[in-house]
Structures are given as structure tokens and as C-alpha cells.
Amino acid sequence: MRRVDIYVLQLAPEPDALVRALTVVARLPGGVLSLAHVAASTRLEMCGLTPEFADLLAERLRALPCVNGLHYLPGHGPAAEALDKVAS
């Protein structure tokens, strides 16, 4: 099981907003599991990030002028749920 972090971004209505956001994503270790982009809304699922890198990615995305809003679900998914069961 692996950790999956989910980021939902509201992007500015600029033609290159998605490319600028993905430039930040490409600089971190980890992989993109899925990317869905409709109009100005983007859902990004990342794997292979430590909790520290996942938080750093959220901070960097929030700081971008082309990102109007960000919802971050850390360690979301089956891997996180399995860890919660083991911890309890």
C-alpha cells in the first residue's frame, strides 16, 4: 500500500495556468497517479511523496499567482486508511 496525496486546485482563467502549476509538481520526487482538468478545476493525485514533501507541494501550489484556491487531502486513499487501522 502506498500513500496517495490529493490536491484539488482552482486555477485562474489563464491559458498557461495548468502548465505553471505542473512545473512545481515536476520538481518534486514522486509520481502523478492521475490528473483530471476540467475548465479551471484540476484534481491531482500524487504518490511517492513523504509527508514533508506533500506539505511542501501544497504550500508551493498555494503561493502560485495562478492558483485561486487549493484543497489538500494528505495521505488520502487506501494506504492512509490501512495505516489508520493499524494505528488504532
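Look up a bit, the structure's there.
The following refers to the structure shown. (Residues numbered from 1 in each chain as written. Predicted model: local features only at pLDDT ≥ 70, side-chain atom pairs only at ≥ 80, totals over all residues. Heavy atoms only, no water.)

Throughout the structure, instances matching the rule amount to four salt bridges. Across the salt bridge formed by D16 and R20, the nearest N and O atoms sit 3.3 Å from each other. Overlapping salt bridges bring together E14, D16 and R20 as one network. (Salt bridge = Lys/Arg side-chain N within 4 Å of Asp/Glu carboxyl O.)

Here we come to the packing of helix α1 (residues 17-26) against helix α2 (residues 51-63). In contact at an axis separation of 10 Å, α1 and α2 are set at 155° when each is read in the N-to-C sense. One finds that α1 runs roughly antiparallel with respect to α2. At the point where α1 passes α2, the crossing takes the right-handed sense. On α2, the residues touching A21, V24 and V25 of α1 are L57, R60 and L61. Looking at the contact of α1 with α2, its residues break down into five nonpolar, no polar and one charged. (Axes fitted to C-alpha atoms, helices over the stretch in contact; angles between N-to-C directions. Helix = DSSP H or I, 4+ residues; strand = E, 2+ residues; numbered from the N terminus. Parallel < 35°, antiparallel > 145°, perpendicular 65-115°, else oblique. Left-handed = near helix turned anticlockwise from the far one by under 90°. Contact = heavy atoms within 4.5 Å. Nonpolar A, V, L, I, M, F, W, Y, C, P; charged D, E, K, R; others polar.)

Time to look at the pairing of strand β1 (residues 4-11). With respect to burial, β1 is a largely interior element, six of its eight residues being buried. Taken together, the seven bridges between β1 and strand β3 (residues 41-47) define a ladder with antiparallel strand orientation. What sits directly across from L9, in β3, is T42. (Buried < 20%, exposed > 50% of the residue type's maximum accessible area, 1.4 Å probe, protein only. Pairing = 2+ DSSP bridges.)

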